[in-house]
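Read off the chains here:
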Amino acid sequence: MATIPVAVAALLAAAGPAAAGTSGSTGAGDPYFPLAGNGGYDVRHYDLTLGYDPDSRHLDGKAVITARATQRLTRFDLDFKGLKVTGITVGHTKADFRRDGQELVVTPRHTLHKHQEFRVTVTYQGTPKPVTDPDGSLDGWIPTDDGAFVAGEPQGAMTWFPANNHPKDKASYDFTVTVPKGTTAVANGVLRGQRTSHGHTTFRWRAAEPMAAYLATATIGKFKVEQYTTPDGLKVYNAVDPREATAAAPVLKKLPSVLAWESSVFGPYPFKGAGSVVDRAPQVGYALETQTRPLYDRAPSLGTLVHESAHQWFGDSVSLTTWKDIWLNEGFATYAEWLYTEQHGGKTAQQNFDALYASPADSDVWAFPPANPGSGAHIFETPVYSRGAMALHKLRTAVGDKTFFDILRTWAADHHDGHGTTAQFIHLSQRLSGKDLHALFHTWLDTSGKPASP
Ligand code: TRP
Ligand code: ZN
């Protein structure tokens, strides 16, 4: 092809297929969610300005996304589903765009060069709706009777803001959310200010540490708000639906001691803000470890509070690079519950392990190996949680307590504000214990059916 005149080659490049090499990919390469995330750029920061009216369920949004091109880009995708896009600029220039399912395809006027930092502004509006996941659960912007329960795992972030919607790409966030006076909007991080005028209140939140899009929230409702600083200097912001307040109070009261205990076991708490959102959202059926401020669909049990808090280390600060590794989140958070119970006068982790091991061979616990759920439809099923925790318990009994807790703390420290993979966890466990643990991990993480011995 070297004989094509330069001018013709340039025309071809601008015209179509030959330009493919300079388009960002439509997905981040996740086998379970192939369209989640995008290639060709890396988001640094999301600045989201939202206005929501719970009565009409209308959302007005503006997202200013600061990103860096990881290749030359003539166009790139964002994930965005549902809402109407009213305009896009890249830099100060209007960009062309089209919608293709969850892909918002943006063609800037000028080609972005590799390593270029650029700013995309997307304005949008409409009535946000949740997505239904492969397992039938709802996530994203889920309307409630007094606002919205906003939970994005694994896919729902794209229902309320345009994003590089995969945990591989973490970024910091600013949120400015305006709601009718008397209603509260709770996002991640630290509350920077709150102002009421003309019957509306605007809440400004900042999540300074890198965060995966699925962990972002802007949950809205009529909440009782409680703010305080813990003895450790951590700023806590709790927002509680008054209908859940009585049931939630004794559990929420334990948040500082749970975070202090987890810090003593896992290492320093990874973020600047903390707290909880306790909503009443019976249609949801799960809680989520939204970064800094877990989100509960009802008053949580102490076990659930311990679980979502443990995710701040395992899942939030240390993020997945692929949804297949979900046991790194759920197995760890479940094992944190076992450890908490053990160290607070309840069942030992060994007793939890033994009780699960007693499950018959056809039980859900053994339905698939935890490090291989098979598809996005199974990532929140029993083996991921229970057998994932059992794998950690096997590790603990193999290496001894001192090394085991050293492994957990080193994992959280080495990968904080970053990512970790199953292979890296196995490697770390071997390095710190000096033992060959491949057979153990293979049995507990990768093999089908009930392992032959406990
Ligand atoms: N990660 C959540 C937790 O462990 C659970 C969760 C998030 C979930 N999204 C879900 C469970 C969808 C079932 C369906 O607390
Ligand atoms: Zn969990």
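The structure we're discussing is the one just above.
Residues numbered from 1 in each chain as written. Chains lettered and ligands numbered in written order. Predicted model: local features only at pLDDT ≥ 70, side-chain atom pairs only at ≥ 80, totals over all residues. Heavy atoms only, no water.

(A) Main features of the pairing of strand S17 (residues 224-229). For S17 and strand S18 (residues 235-240), the ladder comprises 6 bridges, and the chain directions are antiparallel. Note on S18: the bridge partner recorded for glutamate 226 is asparagine 238. As consecutive antiparallel partners, S17 and S18 are separated by 5 residues, and within that stretch glycine 233 has a phi angle of approximately 90°, a positive value. (Pairing = 2+ DSSP bridges. Helix = DSSP H or I, 4+ residues; strand = E, 2+ residues; numbered from the N terminus.)

(B) View of the sheet that holds strand S7 (residues 103-107). Pairing in this open sheet of 3 strands is antiparallel, and the strands run S3-S7-S6 from one edge to the other. Whereas interior strands pair on both sides, the edge strands pair on one side only; in this sheet they are strand S3 (76-79) and strand S6 (96-100). With direction set aside, neighbouring strand axes in the sheet form an average angle of 25°. (Axes fitted to C-alpha atoms, helices over the stretch in contact; angles between N-to-C directions.)

(C) Quick look at unusual backbone geometry. A cis amide bond links glutamate 153 with the next residue in sequence, proline 154, at an omega value of 0°. Phi at histidine 198 takes a positive value of approximately 50°, unusual for a residue other than glycine. In this structure, histidine 198 sits in the loop between strand S14 (190-197) and strand S15 (200-211). Overall, histidine 198 belongs to the exposed group, its relative accessible area being 80%. (Buried < 20%, exposed > 50% of the residue type's maximum accessible area, 1.4 Å probe, protein only.)

(D) Spatial organisation of helix H9 (residues 422-433). Given a rise of 1.5 Å per residue, 12 residues ought to cover 16 Å, and the 17 Å separating the end C-alpha atoms of H9 matches this to within 8%. Within H9, burial applies to Thr422, Phe425, Ile426, Leu428, Ser429, Gln430 and Ser433. Buried positions along H9 lie against helix H5 (327-343), helix H7 (382-399), helix H8 (401-414) and helix H10 (438-446). With its phi angle positive at about 70°, glycine 434 sits one or two positions after the end of H9. (Expected span 1.5 Å × (residues − 1). Contact = heavy atoms within 4.5 Å.)

(E) Geometry of the nonpolar core. Phe76, Trp160, Phe161, Tyr173, Phe175 and Phe425 are the most contacted members of the largest nonpolar core, which has 137 residues in total. Here this core gets 9 residues from one element, more than from any other, and that element is H5. Inspection of this core shows a minimum of three residues originating in each of domain 1 (41-223) and domain 2 (320-446). When sequence neighbours within four positions are dropped, the list of residues in contact with phenylalanine 175 reads Leu48, Trp160, Ala187, Asn188, Phe203, Arg204, Trp205, Ala207, Met211, Ala216 and Thr217. (Core = buried A, V, L, I, M, F, W, Y, C linked by side-chain atoms within 4.5 Å. Domains from an automatic or database assignment.)

(F) Representation of the layout of surface pockets in the model. The computed volume of the largest pocket comes to approximately 380 Å³. If you go around the largest pocket, you meet 21 residues; those closest to its centre are Gly285, Tyr286, Ala287, Glu308 and Tyr385. Within the residue set of the lining of the largest pocket, elements represented by two or more residues are helix H4 (302-310) and H5. When residues in the lining of the largest pocket are grouped by element, the largest group, 4 residues, is from H4. (1 Å grid on protein atoms, 1.4 Å probe; cavity = no way out; pocket = protein on both sides within 12 Å on 5 of 7 lines; lining within 4 Å. Points joined across faces, edges and corners; volume = space filled by probe spheres on them.)

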